[in-house]
Amino acid sequence: MQPNPSSPGSSADGIVVVKDVEKSYPLGEIMVHAVRGVSFSIQKGEFSALAGPSGSGKTTILNMIGCVDTPSKGEIIIAGQNTSGLKDKELTKLRLFKVGFIFQTFNLVPVLTAYQNVEFPLLLQKNVPKAERERRVNMYLEKVGLKDKMMHRPNELSGGQRQRVAIARALVTEPAIVLADEPTANLDSQTGQEILDLMSSLNENDGTTFIFSTHDHNVISRAHKVLWLVDGRLADPKGRIA
Amino acid sequence: MIVQIALRNLWASKMRTLLVGGIVYFGALLLTFGNSFLDTIDQNMERSIVNAISGHFQLSQEGAKDKFELFSMDGGSEKDFGQINDFKKVRELVEALPNVRAVIPMGFNFAVVTTGNLLDRRLSDLRDSVKTDDTHKTQVTLEVVRRLVDSLKQEEKTAEAITDSKRKAAAEEDTQNLDLAAKDAFWNQFVRGDGWKEKALDALEFLENKIARLMPGEGLVWMMYLGTDIERFRSNFDRFEKVDGELVPPGRRGILFNKRFYEEQLKNKTARRLDDIKERIDLGTKFDDCEDCAQFIKLNIGQARSIAAQLDDDSEAAVRKGLAAAVGEIPVDPKDPKFDETLALLKVFFNMNGQNFLERYKLFYDVIAPHILLHSVNIGDTFVLKSFGKGGYVRSVPVKVYGTFRFQGLDKSPITGAFNLVDMTSFRELYGLVTPESLAELDEMKKDAGIKDVTAENAEDALFGEESDLVAAGEAKAFEGMKENSLEQARTQYAETIADRAYTQEEIDSGLVINAAVLLKDARLSEATGKEMEATLSSVGLGIKVTGWRDASGIVGIMIMLFNVVLVAATFIFTLVSLIIVNNALMMSTLQRTGEIGTMRAVGASQGVIRRMIGLEAVLLALIFGGAGVVTAVALLAAFSGGFPVVSDFMQFLAGGTVFIPKLTVSALLIGVGFTLFSGIFSTIYPTWIATRITPREAMARQD
C-alpha cells in the first residue's frame, strides 16, 4: 500500500469513522474549541498519522477514537460501533476489546513483570483461558523481541524495551485499532527508528491498523495516510484548512 | 493478578507500607492489649465488689427517701434508704428462684469505737485485780500505772516551760493532782493492810477521774460496720477469709474487725509505723530514700516513753535483756539522778536505719510487743459500740470481738477494707430497729414502772384526769431497781446476757433489714434473673426495689462507669485518629499512582477492577499488620501471665489483689480484630472513590 499523505478519506465503512466531530471544553472563563468539525475515516490495515503542531487537536482526536474522551458534537464509529452516548462501562469494554494503546511515556505497571504487563489486558477480558493467554503473551513478546526479558520489571528495562512491552500489551488483545500517542517522543532517534520499524512490520505482516499522533517527520514519512491538523481542523500539508 | 498487584504495590512502597502498617499494627496491638488490660481491671473491680460486699443485686425499699447506694461519700449514715419490713418472706421468695444462690441481710452504719486511753485501760485492769484480790496482778499493774503517771509528770514538766500564763492558771489544778499522785504516800494506799481495799478503790477513783484524762488518748475511732447474718455472709461471699481469732459462732452476737481497719486504726501507733516501713521495704522502697520512714523513726523515738511506761519490772528486764545485744551498752548519765536506762535503751533501739531495720523490726515483735498493748481492742474483749440510730439518738451496744477477717486480695482496698462485720441483732439495736430482747425488756420495764398502754383518744384523761393513778404509781416504781443495782452492774449483766445467747435462723431472718445482697449461681444470667426477681417481688406487693450491683455501688459504681466511658472514648479516639492517618496515607498513595491507574483504565480496566485493586491493597495491609498486632498482644498477655506486683492501695483494688494479671478477654480480641477489619474497610472508602474517578485521560497526559 502506497502512502497517501494528503487524502483524509471519506469512506463510511472504515474501521474508524469520524463524522463532523467537535470538541470544546471550558478553560477558566473561556471556551476552548479543540476540534472543530473534523470528518475522516481510517481503513482496516492502514498505518495512519494525525500530524500537526502542539495544540492542533491531534491528541484530543486520538483520545476520542480511543474512547478515552467523548466528542461534544458529531460521532465516532469504531469497528462498526457508534461510541456516541455510550456509558463508561461500555466505553471501557470497547477499549478492552477493540483498542490497543501505546503511550508516549510507555505507562507500564511498575510492579508487574514484562510478561504480566502484557498479560494484564487478557486477564481483564476474563474469558481467555490460561493456555491461550500464555500462547499470546509469549507470541507477542517474541514479536517485539523481548522473550528473554519477560520476567524483568519495567525499571530493569531500557526505554526502547519498555515501549516494546507496551506495543506487545497493545497488540495482545488483537484489537481492531492500535492508537499510539507520540510513541517515539521519549526515545532517542535510533531507538525511535527501531520502534517504528517494529510497528511498520506488524502492520505489514499482521495487517494491524495503527493510528499515530505525532509531529515527528520521521514518523509522518512512514505513514500510509497523514491527516494534517491545524487549530482543530483538517488541513493540507502546507497548513491550509481543507 | 489483582492480589499480586496489591501485594507488589505494598512491597514496592516499603516506607509507606511500614508507616501505615505500623499504625495499624500498633493500633491493633494497643487496642487488644489495652482493652484486655482495662477489661481485666473492670472484671477485677466487679469481682472485688460483687464477691465481697454487694452481691449481684441489692434489694431495698421501693420509694425510700434516698436512692439506695452501698458506697456513698458519707457512708450512708445521713441517708434514709428505708427498710425491708419482712426480710424472711423476701428471702424465701427470692431464694426460690432457680438462679439465686443466697440472699444476705444487711445494714450499714458508722460507729464510734471508744476504748479509753492507755491509763484508762490499765486502771480498769487494776480495779479488777484489786476487786478480785489478785495480789500479783495488782502489783504488776500498779507498777505500770505508776510509770504511766510518772511519764505524765515528766511530760508536764516539759509542757510547763512552753505554756503561757493563762493556760498555766488553768492547768494549776492538774499540776497539783499530778504532784499528789507522784508522792509515795499516794501509792501506799495500795499496800495491803486493814481497810486497804477501800483506800485503794478511792485512790483508783482519783486516778480515773483526775489523772487519766490528762493522758493523751487514742482519740475516737470512727468505724464503718456492716450488720449482717455473719455466718451466711461468710459462707456466701467467697472473698471473705478469717485472719485472727475465731468466727462469730452461728447465731451469736459479736463483731469481726476488718484486718485492715484493725491494723491501721486500732494498733499501737509505734507498731503501726514500723509495719508501714516494713511494707514499703517489702514493695521495693529503699529505707534511705524514704522520707516518710525517717519521719516515722523520729516519731517512734518520741514514743519510747509511752512504750517504757507500759512495762512492769519483769517485762522491763525481759526487754532490756532481749535488746541488749542489738543496741549495745547504754552509757549512764552520771549527772542525771533519775536516769532511766530502759527509756534510753528504747530510744536507741527505735533509732533505726536502713542497715538494722529488718533485724530490729523482728526484735520489736519478738521482745517488746508481747509486753505492751498492741491493739486498743483485743480479740476476746467486749467493748461498747456507739452509733447514731435511725432516730438521731446515740445508741450503745456491747459487742464481743471474735476475730479479724479480710477480703482475699483486697487487704488494702480502701473501699472494701473499711467494713467491719457486726451481727444482725446488734445492728438492729444500734440502728434503732426493734429486737425481741428490747421488746421483752420494754415490757418488763413497763411492768416494773407500772406503765400502762394508753390509747391516744384516752391519753389526756389517763394522764391528767382526776381519777388517774397512773403518774403517781409510775413515779413510785420507776426508781426502785436503781437503788440496789448500779448502772455498771446492769451493763455487765446485759452484756453477759446477750453474749451468751444464740439466735435461731428464724430470729435472725425475722425482722427488719435495711437492704439485702442477692448472690447468683450463674452471673451470666443476671439480666434475666433480675427481671424474674422484680416480677416475683412486685407480684406479692412487698415494695422491694431490685438494683444491679453497679447502680447499687454508688460512688464505686460511678467510678467503674467512668472507667468504662474513658475506655470506650479512648478506643474511639484512637481508632478515629489512626483511621484518619491510614486513610490519608492511602489517599496520597492513590494520588501518586494516578498515571498508573489511568493506564489501567485506558487498557480496559473497569472502575470495579480499580476499586477492588485499591481496596484489596488496604485490606491486605490491615489484615497483615493488624493481624500481627493482635497476635503480638496475645503473646504479650501470655508473657505477662505471671502478673505485675501492685503497690498502691487503689491499684490493689483495681487489680483485685496484690498482683495484677492482665488476661485476654473476648471483647478485647473482638475490638482488636474489629479495628483491623474496620481500618481495612473504612480506609479504602475514600482512596477507592478517588481512584475510580481517575480517567484514562490521566494516562494520556502522564509525563514520567
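Quantities reported herein were computed from a predicted structural model and do not represent experimental measurements.

(A) Fine view of the overall build of chain B. Summing up its helical and strand segments, chain B has 32 helices and 12 strands in all. Taken over 704 residues, chain B has a buried fraction of 38%. Long-range contacts, defined as pairs at least 24 residues apart, comprise 80% of the intrachain contacts of chain B with a sequence gap of at least 6.

(B) Quick look at the sheet that holds strand β2 (residues 30-42) of chain A. All names here are of chain A. Reading across the sheet, the four strands line up as β2-β1-β4-β5 and stay open at both edges, with antiparallel pairing between neighbours. Whereas interior strands pair on both sides, the edge strands pair on one side only; in this sheet they are β2 and β5 (81-82). Sheet analysis places strand β4 (residues 73-78) next to β5, joined by two bridges and oriented antiparallel. Across the sheet, residue Ile77 finds its bridge partner in β5, namely Asn82.

(C) Representation of the sheet that holds strand β6 (residues 99-102) of chain A within the structure. Residues and elements named next belong to chain A. Taken together, six strands build an open sheet; the order of strands is β6-β7-β8-β3-β9-β10 and the sheet is mixed. What marks the edges here is a single partner per strand, and that holds for β6 and β10 (233-235). Sheet twist, expressed as the mean angle between neighbouring strand axes with direction ignored, is 25 degrees. Sitting on the sheet, helix α1 (residues 58-65) is in contact with β3 (47-51), β7 (177-181), β8 (209-214) and β9 (225-230), with an inclination near 150 degrees to β8.

(D) Expanded view of the packing of helix α12 (residues 269-282) of chain B against helix α13 (residues 291-302) of chain B. Residues and elements named next belong to chain B. Where α12 contacts α13, the two axes come as close as 10 Å, and the packing angle between them is 160 degrees. The angle between α12 and α13 falls in the class roughly antiparallel. Two packed elements cross with a definite hand, and for α12 against α13 that hand is left-handed. Residues Thr270, Arg273, Asp276, Ile277 and Arg280 of α12 form the contact with α13, whose own contacting residues are Cys293, Phe296, Leu299 and Asn300. By residue class, the composition of the contact of α12 with α13 is four nonpolar, two polar and three charged.

(E) How the structure looks around the interface of chain A and chain B. Contacts between the two partners involve 23 residues from chain A and, on the opposite side, 22 residues from chain B. Elements with a minimum of two residues in the side of chain A that touches chain B: α1, α2 (88-98) and α3 (114-125) of chain A. Ranked by residue count, the leading element in the side of chain A that touches chain B is α2 of chain A, at five residues. Here the side of chain A that touches chain B is composed, by residue class, of 12 nonpolar, five polar and six charged.

(F) Structural detail: the environment of Leu7 of chain B. All names here are of chain B. Positionally, Leu7 belongs in helix α1 (residues 2-12). Among the residues examined, Leu7 registers 16 C-beta atoms within 10 Å and is labelled partly exposed. C-alpha separation for the pair Leu7 and Leu621, spaced 614 residues apart in sequence, amounts to 8.6 Å.

(G) Region of the structure containing the pairing of strand β6 (residues 382-388) of chain B. Residue and element names in this part refer to chain B. Alignment of strand β2 (residues 100-113) against β6, held across two bridges, turns out to be antiparallel. Each residue of the ladder has a partner; that of Val112, found in β6, is Lys386. Relative to strand β7 (residues 394-407), β6 is paired through seven bridges, and the arrangement is antiparallel. If you follow Leu385 over to β7, its bridge partner there is Val397.

(H) Focus on the packing of helix α29 (residues 607-639) of chain B against helix α31 (residues 666-692) of chain B. All names here are of chain B. Interaxial distance between α29 and α31 falls to 8 Å at its minimum, and their mutual angle equals 155 degrees. Classified by the angle their axes make, α29 and α31 are roughly antiparallel. You can see that α29 and α31 cross each other, and the crossing is right-handed. Looking at the contact of α29 with α31 residue by residue, the class counts come to 13 nonpolar, 13 polar and one charged.

(I) Region of interest: helix α4 (residues 130-143) of chain A. Residue and element names in this part refer to chain A. Along its 14 residues, α4 runs 20 Å from first to last C-alpha, staying within 8% of the 20 Å computed at 1.5 Å per residue. Turning to α4, its buried residues are Val137, Tyr140 and Leu141. Summarising the axial view, the buried residues of α4 lie within an arc of 100 degrees, below the 170-degree limit, and thus occupy one face. Looking at α4, the residues exposed on the side facing more than 90 degrees away from the buried face are Ala131, Glu132 and Arg135. Looking one or two places after α4, you find Gly145, whose phi comes out positive at around 80 degrees.

(J) Main features of the pairing of β4 of chain A. Residue and element names in this part refer to chain A. Examined bridge by bridge, strand β1 (residues 16-27) and β4 share five bridges and lie antiparallel to one another. Among the inter-strand pairings, Val17 is bridged to a residue of β4, identified as Ile77. Following β4, the chain reverses through two residues before pairing antiparallel with β5; Ala79 in that reversal takes a positive phi of roughly 45 degrees.

(K) Main features of the confidence of the model for chain B. Residue and element names in this part refer to chain B. Averaged over chain B, the pLDDT score is 80; the fraction of residues at 70 or greater is 83%. Per-element averaging of pLDDT across chain B places helix α22 (residues 480-484) at the bottom with 46 and strand β5 (residues 255-258) at the top with 93. In the predicted structure, residues 470-485 sits below a pLDDT of 50 and forms 14 contacts with residues beyond four places in sequence or in another chain. Across the whole predicted complex the pTM is 0.60, and at the interface the ipTM reaches 0.88.

Procedures and definitions
Residues numbered from 1 in each chain as written. Chains lettered and ligands numbered in written order. Predicted model: local features only at pLDDT ≥ 70, side-chain atom pairs only at ≥ 80, totals over all residues. Helix = DSSP H or I, 4+ residues; strand = E, 2+ residues; numbered from the N terminus. Buried ≥ 20, exposed ≤ 12 C-beta atoms within 10 Å, placed from the backbone. Contact = placed C-beta atoms within 7 Å. Pairing = 2+ DSSP bridges. Axes fitted to C-alpha atoms, helices over the stretch in contact; angles between N-to-C directions. Parallel < 35°, antiparallel > 145°, perpendicular 65-115°, else oblique. Left-handed = near helix turned anticlockwise from the far one by under 90°. Nonpolar A, V, L, I, M, F, W, Y, C, P; charged D, E, K, R; others polar. Expected span 1.5 Å × (residues − 1). Arc of directions from axis to C-beta. pLDDT = per-residue confidence, 0-100.

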